[in-house]
Amino acid sequence: MNRRDFLRNAICMGAGAVLAPLLLADRVEAAWQEPVPFGVPVRETNLSFGPLENRTRTDAIIVHHIGNTNADVSAATVHAWHKANGWSGIGYHFLIRKDGTVERGRPMDTVGAHCYGENSHTVGVNIVGNFEAAWPEKAQLDAAARLLCALSVYYGFAPQKNTIFGHRDFNATACPGCNLYGLLPALIEQAHTFYMAGG
Ligand SMILES: [Zn+2]
């Protein structure tokens, strides 16, 4: 781990400490065990992909929901759906399950398949559910705020309304659902609070 990665970790562990001070020791250990220093525990899914390209720049994060079901679907399930579309594999980089577990999707530095016209410079985060009809779990929102902070630090921008978007900001879609879209400003604010607390 080089000094810059160490500092990135330190910043986002600071954010985690604000959220859950009693878990700080666990979070430090988890972060050090990560293959990519990141500051948020990510469940590895070891999915196999077809050809992928690396992004050359990353300046925004786009938030999605599943939409066609409110079930607690896994990254492996979405991977199978997207492979059936003829894609290289799951189009999102991260999925946040109903219990707040963050699962790895497409490798985080590769071009995703989640938002037409914007994939070359963005990270795709899917919060699992149908938020046209249901509401996200608190555990999902907590995890999302930590992940949005960590990704922003990692890629070198602040989490705010001109760096974090809902899918519907770019394409003609209901995604990420009216309920989650309505919560997005508060979610960005929470991520920004973590970001400022760590910086
Ligand atoms: Zn979407």
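So, how was this worked out
- The written sequence of each chain sets the order in which its residues are numbered from 1.
- In view of the model being predicted, local features appear only for residues whose pLDDT reaches at least 70, and side-chain atom pairs are presented and counted only at 80 or more, with totals across whole chains, interfaces and linings using the full set of residues.
- Side-chain descriptors were evaluated using all non-hydrogen atoms of the structure, hydrogens and water having been removed beforehand.
- Each residue is assigned to one of three classes by its accessible area relative to the maximum for its type, calculated with a 1.4 Å probe on protein chains only: buried under 20%, partly exposed between the two thresholds, exposed over 50%.
- Secondary structure counts use DSSP, requiring at least four H or I residues in a row for a helix and at least two E residues in a row for a strand, with both numbered from the N terminus.
- Pairing between strands is defined by DSSP: at least two bridges between the two strands are required.
- Water is not among the atoms examined, so metal sites may look incomplete; donors are the N, O and S atoms within 2.8 Å of the metal, or within 3.2 Å for Na, K and Ca.
- To estimate the expected span of a helix, count its residues, drop one, and scale the result by 1.5 Å.
- Residues grouped as a nonpolar core are buried Ala, Val, Leu, Ile, Met, Phe, Trp, Tyr and Cys residues, joined through side-chain atoms within 4.5 Å.
- Axis angles are defined between N-to-C directions and span 0 to 180 degrees, where every axis is a line fitted to C-alpha atoms and, for a helix, only to the segment in contact.
- In what follows, roughly perpendicular refers to angles from 65 to 115 degrees, roughly parallel to angles under 35, roughly antiparallel to angles over 145, and oblique to any angle outside these ranges.
- Crossings are classed by handedness, with left-handed meaning an anticlockwise turn of the near helix from the far one by less than a right angle and right-handed meaning a clockwise turn.
- Two residues form a contact once any of their heavy atoms are found within 4.5 Å.

Student: I keep staring at the pairing of strand S4 (residues 122-127) and nothing clicks. Help me out?
Tutor: A regular strand carries its side chains on alternate faces of the sheet. Burial within S4 is extensive, with 6 of its 6 residues counted as buried. Residues of S4 alternate between two faces, with Thr-122, Gly-124 and Asn-126 on one and Val-123, Val-125 and Ile-127 on the opposite face, all of them buried. Bridging between strand S1 (residues 60-65) and S4 involves 6 bridges; their strand directions are parallel. Across the sheet, the residue bridging to Ile-62 is Gly-124, located in S4. In terms of strand pairing, strand S2 (residues 94-96) meets S4 through 3 bridges, oriented parallel. Residue Ile-96 lies in a different strand from S4, and its bridge partner there is Ile-127.

Student: Can you help me understand the coordination of the zinc ion in this one?
Tutor: Around the zinc ion, the protein supplies His-64 (ND1), His-167 (ND1) and Cys-175 (SG) as donor atoms, at distances of 2.0 to 2.3 Å. Summarised as a motif, the one-chain spacing of the donors to the zinc ion is H-x102-H-x7-C. With His-64 in strand S1 and Cys-175 in the loop between strand S5 (164-166) and helix H5 (178-198), the pair connects residues that are 111 residues apart, well separated along the chain. Taking the relative accessible area as the measure of exposure, His-64 reaches 1% and is therefore buried. Given a relative accessible area of 7%, Cys-175 falls into the buried group.

Student: Sorry, what's going on with helix H4 (residues 138-155) here?
Tutor: Given 3.6 residues per turn, any residue in an α-helix points the same way as the ones three and four places further on. Along its 18 residues, H4 runs 26 Å from first to last C-alpha, staying within 8% of the 26 Å computed at 1.5 Å per residue. Residue Gly-156 follows H4 closely and has a positive phi angle near 85°.

Student: Looking at this structure, I do not really get the nonpolar core. What am I missing?
Tutor: Note on soluble globular proteins: their nonpolar side chains tend to be buried together. With 31 residues, the main nonpolar core has Ile-61, Phe-94, Ile-96, Val-102, Val-125, Ile-127 and Leu-151 as its most contacted residues. Mapped by element, the contributors of at least two residues to this core are S1, S2, S4, H4 and H5. The element contributing the most residues to this core is H4, with 11 residues. Listed in part, the 9 residues of the second largest apolar core include Ala-75, Ile-90, Tyr-92 and Leu-95.

Student: Just to check I follow, could you spell out the packing of H4 against H5 for this structure?
Tutor: A pair of packed helices is characterised by two quantities: the angle between their axes and the separation of those axes. In contact at an axis separation of 8 Å, H4 and H5 are set at 55° when each is read in the N-to-C sense. Considered as vectors, H4 and H5 are oriented oblique to each other. Viewed along their axes, H4 and H5 form a crossing whose handedness is right-handed. The residues of H5 that touch H4, namely those facing Leu-141, Ala-144, Ala-145, Arg-146, Leu-148, Cys-149 and Val-153, are Leu-180, Leu-183, Leu-187, Gln-190, Ala-191, Phe-194 and Tyr-195.

Student: Is there a simple way to explain the environment of Ser-48 in this structure?
Tutor: With respect to the helices, strands and loops of the structure, Ser-48 is situated in the loop between helix H2 (24-33) and S1. Taking the C-alpha atoms as reference, Ser-48 lies 9.1 Å from His-79; in sequence the two are 31 residues apart. Not counting chain neighbours up to four residues away, the residues in contact with Ser-48 comprise His-79, Lys-83 and Ser-88.

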